[in-house]
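In case you want the letters, here they are:
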Amino acid sequence: MQRNTLILPMMSYKLDIFEFFALITILLWNTGLEYQTEECGGTGEKVKEQVMAELVYYMKHYKRIEEPGVRIASIVNLLPAVERCVRKIQDDTEITQVFNVFKASKEFYDLVNGIFG
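Scoring rules and cut-offs
Residues numbered from 1 in each chain as written. Predicted model: local features only at pLDDT ≥ 70, side-chain atom pairs only at ≥ 80, totals over all residues. Heavy atoms only, no water. Axes fitted to C-alpha atoms, helices over the stretch in contact; angles between N-to-C directions. Helix = DSSP H or I, 4+ residues; strand = E, 2+ residues; numbered from the N terminus. Parallel < 35°, antiparallel > 145°, perpendicular 65-115°, else oblique. Left-handed = near helix turned anticlockwise from the far one by under 90°. Contact = heavy atoms within 4.5 Å. Nonpolar A, V, L, I, M, F, W, Y, C, P; charged D, E, K, R; others polar. Salt bridge = Lys/Arg side-chain N within 4 Å of Asp/Glu carboxyl O. Phe/Tyr/Trp six-rings, centres within 6.5 Å; stacked < 30°, edge-to-face > 60°. Buried < 20%, exposed > 50% of the residue type's maximum accessible area, 1.4 Å probe, protein only. pLDDT = per-residue confidence, 0-100. Core = buried A, V, L, I, M, F, W, Y, C linked by side-chain atoms within 4.5 Å.

**Some points on the packing of helix H3 (residues 38-61) against helix H4 (residues 68-76)**
1) Next: Direction vectors running N to C along H3 and H4 enclose 125°, while the axes themselves pass 10 Å from each other. Classed by the angle they form, the pair H3 and H4 counts as oblique. For the crossing formed where H3 meets H4, the hand is right-handed. In contact with Met52, Leu55, Val56, Met59 and Lys60 of H3, H4 contributes Pro68, Arg71, Ile72 and Ile75.
2) Next: Of the residues in the contact of H3 with H4, the class split is seven nonpolar, no polar and two charged.

**Examining the packing of helix H2 (residues 17-28) against helix H5 (residues 79-98)**
1) Next: Packing of H2 against H5 leaves a shortest axis separation of 11 Å and a crossing angle of 65°. Taken as a pair, H2 and H5 cross one another with a handedness that is right-handed. On H5, the residues that touch Leu23, Ile26 and Leu27 of H2 are Leu79, Val82 and Glu83.

**Topic: the pattern of salt bridges**
1) Next: Under the counting rule described, the total for this entry stands at six salt bridges.
2) Next: For arginine 87, the salt bridge goes to aspartate 91, with nearest N and O atoms at 2.9 Å. One end of the pair, arginine 87, and the other, aspartate 91, are both in helix H5, four residues apart, so they sit about a helical turn from each other.
3) Next: Each of Asp16, Glu19, Lys63 and Arg71 takes part in salt bridges that share partners, so that together they form one network.

**Notes on the packing of aromatic side chains**
1) Next: This structure, assessed with the given rule, holds five aromatic pairs.
2) Next: Considering the side-chain rings of phenylalanine 18 and tyrosine 58, the 4.9 Å spacing of their centres and the 55° angle between planes classify their relative orientation as tilted. Placement of phenylalanine 18 in helix H2 and of tyrosine 58 in helix H3 is noted, with a sequence separation of 40 residues between them.
3) Next: Take tyrosine 58: its relative accessible area is 17%, and that puts it in the buried class.
4) Next: Ring geometry for phenylalanine 108 against tyrosine 109: centres 5.7 Å apart, planes inclined by 70°, an arrangement best described as edge-to-face.
5) Next: Grouping aromatic residues by their ring pairs yields a cluster made of Phe18, Tyr57, Tyr58 and Tyr62.

**What to know about the confidence of the model for the protein chain**
A low pLDDT score tells you not to read the predicted coordinates there in detail.
1) Next: Overall, the prediction assigns the protein chain a mean pLDDT of 89, with 99% of residues at 70 or greater.
2) Next: Of all secondary-structure elements in the protein chain, the lowest mean pLDDT belongs to helix H6 (residues 106-112), at 85, while H3 reaches the highest, 95.

**Considerations on the nonpolar core**
Soluble globular proteins tend to pack their nonpolar side chains together in the buried interior.
1) Next: Ranked by size, the top nonpolar core spans twelve residues in total: Leu15, Ala22, Leu23, Ile26, Val51, Leu55, Tyr58, Met59, Ile72, Ile75, Leu78 and Leu79.
2) Next: Elements supplying a minimum of two residues to this core: H2, H3 and H4.
3) Next: Not counting the four nearest positions on each side in its chain, valine 51 is found in contact with Ala22 and Thr25.

Below is the structure:
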């Protein structure tokens, strides 16, 4: 699943390191989390706006793309695939734990499921 829905499209777009980091920033600066303060959400929005502005500048002036909007839209369209792949990994890990397919530490399962504490 990950190969067809995420890895191959990412390879076909030939993302460079700056585009990859912009994608990661947009993904990780989630501004719709439960119990998130307005200040934190505002900071996240500002960071994402700044990253997008810098990505547009980078594409126009360094990659010489006249209309970077289309490329940015293609890159942003990878986000749902990332989320689906993460969810699939979490589901697969839970199944291996339920059916005792292999034994891993509690810390491993917590890490996969985003429990950091």
